[in-house]
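# Breakdown of the fold
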Amino acid sequence: MNRLCAENLSVRLGGNMVVAQANLALEAGQLIALVGPNGAGKTTLVRALAGLIPADGVVTVDGQKLATLTAAERARKIAYLPQGHSFHWPVTAEAIVALGRYPHADLFSGLSAADSDAVCRAMIATGTDALAQRIVTTLSGGERARVALARALATEAPTLLADEPTASLDPRHQLVVMELLRHAARAGGTVLAIVHDLTLAARFADRVIVMERGHIVADGAPDDALSVRRMADVFGVEAVVVEIDGRRLPMAQRPI
């Protein structure tokens, strides 16, 4: 089932075409990695899909035009995890994760039992339950990244759009986060994640979308989308392919 679709999606920023005529359909049950060189338009595309910036074209979620939904309706359908994970207020990690429940909340009451359960599940899944009462501004970059992911997961939206969810994480937690994203997809969710580590993307994603200069230039199985030829043409690197657990993974060897 196609859950999030874009037709002829284009975004101009400062008079420049940053995303040009993008067409894609994101399916339920899939983890999709969005990759491309710096400046390819990945973050802009994801923000447009989330309805956070103006764009030309049509985006639909569960068959409804995104533009017709209220902010709360949109937030219940699409959880957005931005890059950076900056927190400016000295509140607990648990309070940050609870923000993920606001699209479901009654403005005149506190968190319901269902909300508290969702927060608890998200923190356990991300290994942040031990940080629940820590002040978020005192956490390391990797800890803040996992708290931010927990906040997005607590929303329990069927679609998750994540911008560099493994940035600033150590190797172990990169694997943990990718496993979490894959699990969310296997549970019936739709997950689109911007990933800079191409080997990590090929290892975990069901599908890889490649962007270059605002255009989608490949969209398919990881070993096809990240072929040695495409690694050279798009990323400017000479790559070799290794096989791990039955998957063919590209590894960059040297710049071209």
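Our structure's up above, just so we're on the same page.
This text gives an overview of the structure that appears in the document. Please read all numbers here as calculations on a predicted model, not as lab measurements.

## Thoughts on helix H9 (residues 228-235)
Within the sequence span of H9, burial applies to Met231, Val234 and Phe235. Looking straight down H9, one finds its buried side chains confined to an arc of 90 degrees; they lie on one side. Considering only its buried residues, H9 is in contact with strand S3 (31-35), helix H7 (198-204), strand S9 (207-212), strand S10 (215-220), strand S11 (237-244) and strand S12 (247-255). Immediately beyond the C-terminal end of H9, within one or two residues, lies glycine 236, with a positive phi of roughly 70 degrees.

## Brief notes about the nonpolar core
Among the nonpolar cores identified, the biggest contains 53 residues, and Val35, Leu181, Val210, Leu226 and Phe235 are the most heavily contacted of them. No other element matches the seven residues that helix H5 (residues 141-154) contributes to this core. Not counting residues within four places of it along the chain, the set of residues in contact with leucine 181 comprises Leu31, Leu149, Leu160, Pro165, Val191 and Ala193.

## Thoughts on the packing of helix H4 (residues 113-125) against H5
Packing of H4 against H5 brings their axes to within 8 Å, and their N-to-C directions diverge by 140 degrees. Between H4 and H5, the crossing angle belongs to the class labelled oblique. In terms of crossing hand, the pair formed by H4 and H5 is right-handed. Facing Ala118, Val119, Ala122 and Met123 of H4, the residues of H5 in contact are Ala150, Leu153 and Ala154.

## Side note on the sheet that holds S9
Strand order in the open sheet made by the six strands is S6-S7-S8-S3-S9-S10, with mixed pairing throughout. Because the sheet does not close on itself, it has two edges, and the strands there are strand S6 (78-81) and S10. When the angles between neighbouring strand axes are averaged without regard to direction, this sheet yields 15 degrees. Here strand S7 (residues 159-163) runs beside strand S8 (residues 190-194); their pairing, made up of five bridges, is parallel. Bridge pairing links leucine 160 to valine 191 in S8. Running at roughly 150 degrees to S8, helix H1 (residues 42-49) makes contact with S3, S6, S7, S8 and S9 of the sheet. Along the sheet face, H5 touches S6 and S7 and points at about 175 degrees away from the line of S6.

## With respect to H1
The buried fraction of H1 amounts to six of the eight residues, a majority that puts the element mostly inside the structure. Those residues of H1 that fall on the buried side of the exposure criterion are Lys42, Thr44, Leu45, Val46, Ala48 and Leu49. Once H1 ends, the next one or two residues include glycine 51, with phi positive near 75 degrees.

## Some words on the environment of glycine 41
Residue placement: glycine 41 occurs in the loop between S3 and H1. Sequence separation of glycine 41 and methionine 17 is 24 residues, and the distance between their C-alpha atoms is 9.3 Å. When residues no more than four places from it in sequence are discounted, the contact partners of glycine 41 are Val18, Val19 and Met211.

The rules we used
Residues numbered from 1 in each chain as written. Predicted model: local features only at pLDDT ≥ 70, side-chain atom pairs only at ≥ 80, totals over all residues. Heavy atoms only, no water. Buried < 20%, exposed > 50% of the residue type's maximum accessible area, 1.4 Å probe, protein only. Helix = DSSP H or I, 4+ residues; strand = E, 2+ residues; numbered from the N terminus. Arc of directions from axis to C-beta. Contact = heavy atoms within 4.5 Å. Core = buried A, V, L, I, M, F, W, Y, C linked by side-chain atoms within 4.5 Å. Axes fitted to C-alpha atoms, helices over the stretch in contact; angles between N-to-C directions. Parallel < 35°, antiparallel > 145°, perpendicular 65-115°, else oblique. Left-handed = near helix turned anticlockwise from the far one by under 90°. Pairing = 2+ DSSP bridges.

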